[in-house]
Amino acid sequence: MSITIEKKISLEGVDKLSLLGFNDRHLAILEERFDSNIVVRGEQITLQGDEDEVARIERVVKELIFILNKNRNLTANDVETVIDLVLSSTEPSNGGAQKELQSEKEGVDNIVLFTKNGLIKAKTEGQRRYIKAINKNDIVFGIGPAGTGKTYLAVATAVAALKNRQVTKIILTRPAVEAGESLGFLPGDLREKVDPYLRPLYDALDDMIPADKLKMYIERRIIEIAPLAYMRGRTLNNAFVILDEAQNASSLQMKMYLTRLGANSKSVVTGDITQIDLPLNAISGLVEIQSVLRKIEGVAFVYFDRNDVVRHKLVKDIIDAYEDYKANGKKE
């Protein structure tokens, strides 16, 4: 049974404007992330709520004061990061989050996102290059075999950007290419026909965002998941856009997609050029684009290999077996 308590935190000697943020933006983040009552009066913050949550808020506030006193500055991203660190850790205060925050800023192995299931972070050298490229460039292509985290890390980075208010919406798209089946013969309306192709994107989001919040985001079109054909004619501003399974996009579809990108937007394109489901006479846009955009500044290509596979250990062996099979001329 939870116990409701009241806790007071002194702000004497603290730069309250910097701590609370311009127009109380930092305070609003705290109120959004926690259910407890947070009241600021004079030189004091009063917390009222569940005992465990009040203890977490107290730690967050003390960590923020620590960072502010040391760096003379505090950003909304710092506030979000400290909250996530506190919610995912049982470490004592006294600057623990500040050390992790500093490590995150300075290290290459960046934490991408904090979720109810734990941290999402780069686990291999290829994934670290991928995250670094996404942070640095407006358009990034992640190319490699299944199980390397191309899509999952791209979605996590998009969710982090939305959470940190770097973008106002996320758009996830895939080509609805029939792999041995015809959409016309599948049961249901158009949405029911294409949803199976988009299911991996829903699964990734389910891991990262609480169900009720995800439903609200989708209803308000803050997060949009749609077939690639639905992107035609649009201009995507202030958005993080992901094109998954891009090896199944034609040359014209790839050009159409890339020219949708608007102001203050970022795009990640993922795919595996060994798994193309297009007709034999069709050119994969993902194969072609590697030559077309190779020298364009602000565009990066990151290639994954079997060493970046983070699924079941047998996946690496399966990839090797297929490569050996092809290298030996498909002989038994």
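Above this text you will find the structure in question.
Given the structure is predicted, the values throughout are model-derived calculations rather than measurements.

### Regarding the packing of helix H2 (residues 25-33) against helix H4 (residues 76-87)
Move 1: Where H2 contacts H4, the two axes come as close as 9 Å, and the packing angle between them is 30 degrees. In this view, H2 runs roughly parallel relative to H4, as classed from their interaxial angle. Handedness of the crossing formed by H2 with H4: right-handed. Here Arg-25, His-26, Ile-29, Leu-30 and Arg-33 of H2 come into contact with H4, specifically with Ala-76, Val-79, Glu-80, Ile-83, Asp-84 and Leu-87.
Move 2: Residue composition of the contact of H2 with H4, by class: six nonpolar, one polar and four charged.

### Re the sheet that holds strand E6 (residues 139-143)
Move 1: The sheet built from six strands is open, its strands ordered E8-E7-E9-E10-E6-E11 with parallel pairing. If you trace the sheet from one side to the other, it starts and ends with strand E8 (223-227) and strand E11 (299-303), each paired once. For this sheet, the mean angle separating the axes of adjacent strands, direction not counted, is 15 degrees.
Move 2: Bridge count between strand E7 (residues 169-174) and strand E9 (residues 239-243): five bridges; the pairing is parallel. Each residue of the ladder has a partner; that of Thr-173, found in E9, is Leu-243.
Move 3: Together, E6, strand E10 (266-271) and E11 form the strand contacts of helix H11 (residues 285-292), whose direction differs from that of E6 by roughly 125 degrees.

### Structural notes on the pattern of salt bridges
Move 1: All told, the structure shown has 15 salt bridges when counted by the stated rule.
Move 2: Among the ionic pairs, Glu-58 bridges to Lys-7, the shortest N-O distance being 3.6 Å. Of the two residues, Glu-58 sits in helix H3 (residues 51-71) while Lys-7 sits in strand E1 (residues 4-10), which places them 51 residues apart along the sequence.
Move 3: A relative accessible area of 16% places Glu-58 in the buried class.
Move 4: Here Glu-80 makes a salt bridge to Arg-33, at a shortest N to O gap of 2.6 Å. Placement of the pair is Glu-80 in helix H4 and Arg-33 in helix H2, with a sequence separation of 47 residues.
Move 5: Residue class for Glu-80 comes out buried when judged on its relative accessible area of 4%.
Move 6: Residue class for Arg-33 comes out partly exposed when judged on its relative accessible area of 24%.
Move 7: Each of the salt bridges in this network shares a partner with another, and the network as a whole consists of Glu-32, Arg-33, Glu-80, Asp-84, Lys-163 and Arg-165.

### Re the side chain of Asp-272
Move 1: Checked against the element boundaries, Asp-272 lands in the loop between E10 and H11.
Move 2: Nearest to the buried, unbridged Asp-272 among oppositely charged side chains is Lys-150, at 5.7 Å.
Move 3: A polar contact of 2.7 Å, which involves the side chain of Asp-272, links it to the side chain of Thr-274.
Move 4: Beyond its immediate stretch of four places on either side in the chain, Asp-272 contacts Gly-144, Pro-145, Ala-146, Gln-247 and Leu-286.

### Observations concerning a nonpolar patch on the surface
Move 1: Side chains of Ile-273, Ile-276 and Val-287 sit close together on the surface and give an oily, nonpolar patch of about 210 Å² of accessible area.
Move 2: Tracing the sequence through the fold places Ile-273 in the loop between E10 and H11.
Move 3: For Ile-273, a relative accessible area of 37% translates into the label partly exposed.

Reading the values: the criteria
Residues numbered from 1 in each chain as written. Predicted model: local features only at pLDDT ≥ 70, side-chain atom pairs only at ≥ 80, totals over all residues. Heavy atoms only, no water. Axes fitted to C-alpha atoms, helices over the stretch in contact; angles between N-to-C directions. Helix = DSSP H or I, 4+ residues; strand = E, 2+ residues; numbered from the N terminus. Parallel < 35°, antiparallel > 145°, perpendicular 65-115°, else oblique. Left-handed = near helix turned anticlockwise from the far one by under 90°. Contact = heavy atoms within 4.5 Å. Nonpolar A, V, L, I, M, F, W, Y, C, P; charged D, E, K, R; others polar. Pairing = 2+ DSSP bridges. Salt bridge = Lys/Arg side-chain N within 4 Å of Asp/Glu carboxyl O. Buried < 20%, exposed > 50% of the residue type's maximum accessible area, 1.4 Å probe, protein only. Lys, Arg positive; Asp, Glu negative; His and termini not counted. Polar contact = N/O pair within 3.5 Å; in protein donor to acceptor, adjacent residues only side chain to side chain. Patch = residues over 30% accessible without salt bridge, like charges linked within 9 Å, V, L, I, M, F, W, Y side chains within 5 Å. Areas by Shrake-Rupley, 256 points an atom, 1.4 Å probe, with all protein chains shown as cover.

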